[in-house]
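Fold and geometry: a report
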Amino acid sequence: MSVDVINLRSNIKDYIAIFPEDNSFLQEINQEQHKIFIIDQTVDKLYASKCLNVLGNAEKIIFKVHETSKNIHGVIALYDQVMKFQPKKNTTIISIGGGIMQDLSGYVASTLFRGVKWIFIPTTLLAQADSCIGAKTSLNYKKYKNLMGTFYPPNTIYIYPNFLQTQNETDYYSGVGEVAKLLLMGGEDATQFFLKHLAEIKKRDFLVLSQIIKKCLLIKKAYIEEDEFDMGKRNMLNFGHCFGHALETATNFIVPHGQAVVLGIILANYIAEKRNVLSAKKREYLQKNILTEILKIDINSIKINLTEVIAAMKKDKKRIGQDLPLIMLNDNYEMLKINDLKETEVEYALKKIGWL
Ligand SMILES: NC(=O)c1ccc[n+]([C@@H]2O[C@H](COP(=O)([O-])OP(=O)(O)OC[C@H]3O[C@@H](n4cnc5c(N)ncnc54)[C@H](O)[C@@H]3O)[C@@H](O)[C@H]2O)c1
Ligand SMILES: [Zn+2]
């Protein structure tokens, strides 16, 4: 089995992301002693007779995930099942699923005996290309998203893009939005690579996706290794998210997260153009060739209210001072953060996109 590996440095423990060529890695993992599998119910249904059958009668928890149970109650439900297998300090948790499975099982792995060995197999594009590295486990608290959490990386991550074949369009394109964000942050070469391979990304070509995911993780690695605990530089990964989170809130979450990020980038680019940070030519080029190409929602069908967007932006966790924060891209694909975004500029950008 030939593999590619990305090594990740962490203050908690160093870890690796492995890109296996075929699914024989599952047999290898199954050799692990004292293991408990935690598998997303949808993934189990889709793959039980395809590749997960190699796990045989290993100890397994099939868990139904939903954003509304990504909280402390979901953790307790999962603990109840884990405890039935009488785990010990040397137990390995092996979880298989998307970002919700990562957050829930990662929280369990990080708190069970104050941390047990954890192997994660992400099965969504968002989890493979973005969330699987960075060591954050997050739980929602009431209506506050990702308010609770721990820093705890898996020991090993196995990235196998064949799983992405079965993702529905909405979830897949939500992942594509985060991929676009990271590749724009990666500069001209990464952006051109994305453009060149857009047709294959849409077809979910295994080899192209492997390369794209690798690029995304290497771009994110530079930010998280320098600022693992999110005190400064890592905040730039919120590109597209200042407006994006506000749009999710203001539309009652009908816009999928990664698609809200794409809209957030379009809006941030309008502000960057107005502030002479990004040329009109570059903004138009990115919008036409990348951003609208991967936007799968009809923006005319979405009702946006300026007051609600501003109110949501004011609740940004990273906000300091009276005005609003915004992360922007410049002509050289460098990231800049401003903390003085005015409400009139928010209105300007929403008008530009055609909402007001
Ligand atoms: N911890 C972090 O650093 C971090 C970063 C970004 C996002 N997140 C979290 O990730 C979550 C979103 O994750 P996601 O986009 O991966 O979605 P998800 O985990 O909600 O999965 C989406 C849906 O796809 C199903 N699914 C998973 N894999 C599949 C496959 N291969 N084929 C078919 N269906 C499949 C799931 O059962 C679910 O119904 C959010 O809760 C978000 O807050 C965490
Ligand atoms: Zn995001």
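Residues numbered from 1 in each chain as written. Chains lettered and ligands numbered in written order. Predicted model: local features only at pLDDT ≥ 70, side-chain atom pairs only at ≥ 80, totals over all residues. Heavy atoms only, no water.

Attention shifts here to the pattern of salt bridges. Evaluated as defined, the whole model comprises 21 salt bridges. For Glu67, the salt bridge is made with Lys70, and the minimal N-O distance between the two is 3.9 Å. Take Lys70: its relative accessible area is 3%, and that puts it in the buried class. Here the residues in one salt-bridge network are Glu67, Lys70, Asp103 and Lys145, joined through shared partners. (Salt bridge = Lys/Arg side-chain N within 4 Å of Asp/Glu carboxyl O. Buried < 20%, exposed > 50% of the residue type's maximum accessible area, 1.4 Å probe, protein only.)

As a further point, take the domain arrangement of the protein. By convention, interface size is frequently given as the accessible area that disappears when the constituent parts associate. Each assigned domain of the protein is listed here: domain 1 (3-165) and domain 2 (169-353). The straight-line distance from the C-alpha centre of domain 1 to that of domain 2 is 27 Å. The partner domain 2 presents 26 residues to the 32 residues of domain 1 that form the contact. Together domain 1 and domain 2 conceal approximately 2600 Å² of surface at their shared face, both sides included; 63% is due to carbon and sulfur atoms. In terms of surface lost to domain 2, no three residues of domain 1 exceed Leu125, Ala129 and Asp130, which account for 21% of the buried area on that side. Linking domain 1 with domain 2 are four salt bridges. With a shortest N-O distance of 3.3 Å, Glu225 and Arg9 are connected by a salt bridge. Remark: the boundary between domain 1 and domain 2 carries 11 residue pairs in polar contact (both at pLDDT 80 or more). Secondary-structure elements contributing two or more residues to the side of domain 1 that touches domain 2 are strand 1 (3-8), strand 2 (15-20), helix 5 (125-131) and strand 8 (144-151). Among the elements that line the side of domain 1 that touches domain 2, the one with the most residues is helix 5, at six residues. Residue composition of the side of domain 1 that touches domain 2, grouped by class: 17 nonpolar, nine polar and six charged. (Domains from an automatic or database assignment. Contact = heavy atoms within 4.5 Å. Buried area = accessible area lost by both parts, 1.4 Å probe. Polar contact = N/O pair within 3.5 Å; in protein donor to acceptor, adjacent residues only side chain to side chain. Helix = DSSP H or I, 4+ residues; strand = E, 2+ residues; numbered from the N terminus. Nonpolar A, V, L, I, M, F, W, Y, C, P; charged D, E, K, R; others polar.)

Attention now goes to the coordination of the zinc ion (ligand 2). Protein coordination of the zinc ion (ligand 2) is provided by Glu178 (OE), His241 (NE2) and His257 (NE2), with donor distances spanning 1.9 to 2.1 Å. One chain supplies every donor to the zinc ion (ligand 2), and in sequence these donors are spaced E-x62-H-x15-H. On the criterion of sequence distance, the pair formed by His241 in helix 10 (residues 241-250) and His257 in helix 11 (residues 257-274) is long-range, its members being 16 residues apart. Looking at His241, the relative accessible area reads 7%, which means it is buried. Residue His257 is classed as partly exposed on the basis of its relative accessible area of 22%. (Donors = N, O, S within 2.8 Å, 3.2 Å for Na, K, Ca; no water.)

Counting across every chain of the model gives eight aromatic pairs. Ring geometry for Phe151 against Phe229: centres 4.8 Å apart, planes inclined by 80 degrees, an arrangement best described as edge-to-face. Taken together, the residues span a long stretch of sequence, with Phe151 in strand 8 and Phe229 in the loop between helix 9 (206-226) and helix 10 at a distance of 78 residues. Residue classification places Phe229 among the partly exposed residues on the basis of a relative accessible area of 36%. With a centroid separation of 5.8 Å and 85 degrees between ring planes, the pair formed by Tyr160 and Phe163 is classed as edge-to-face. In this structure, Tyr160 and Phe163 share a single accessibility class: buried. The rings of Phe25, Tyr47, Tyr158, Tyr160, Phe163 and Phe206 are connected pair by pair, giving a single aromatic cluster. Here the guanidinium or amino end of Lys13 rests over the ring plane of Tyr152, the centre of that ring lying 3.7 Å away. For Lys214, the ring lying beneath its charged end belongs to Phe19, and the centroid distance is 4.9 Å. (Phe/Tyr/Trp six-rings, centres within 6.5 Å; stacked < 30°, edge-to-face > 60°. Lys NZ or Arg CZ within 6 Å of the ring centre and 35° of its normal.)

The next subject is the site of ligand 1. Taken together, 23 residues surround ligand 1, and among them Glu67, Gly99, Asp103, Thr124 and Thr166 come closest. Taking Asp103, its side chain carries an N or O atom lying 2.7 Å from a nitrogen atom of ligand 1. Contacts to ligand 1 include Lys145, whose side-chain N or O atom sits 2.8 Å from an oxygen atom. Computed on the free molecule, ligand 1 has an accessible area of 870 Å², of which 83% lies beneath the protein chains in the complex. Those elements that place two or more of their residues in the shell around ligand 1 are helix 2 (41-47), helix 4 (99-111), helix 5 and strand 8. Looking at which element gives the most residues to the shell around ligand 1, the answer is helix 4, with four residues. Here the residues of the shell around ligand 1 are counted per class, giving six nonpolar, 10 polar and seven charged. (Near = heavy atom within 4 Å. Areas by Shrake-Rupley, 256 points an atom, 1.4 Å probe, with all protein chains shown as cover.)

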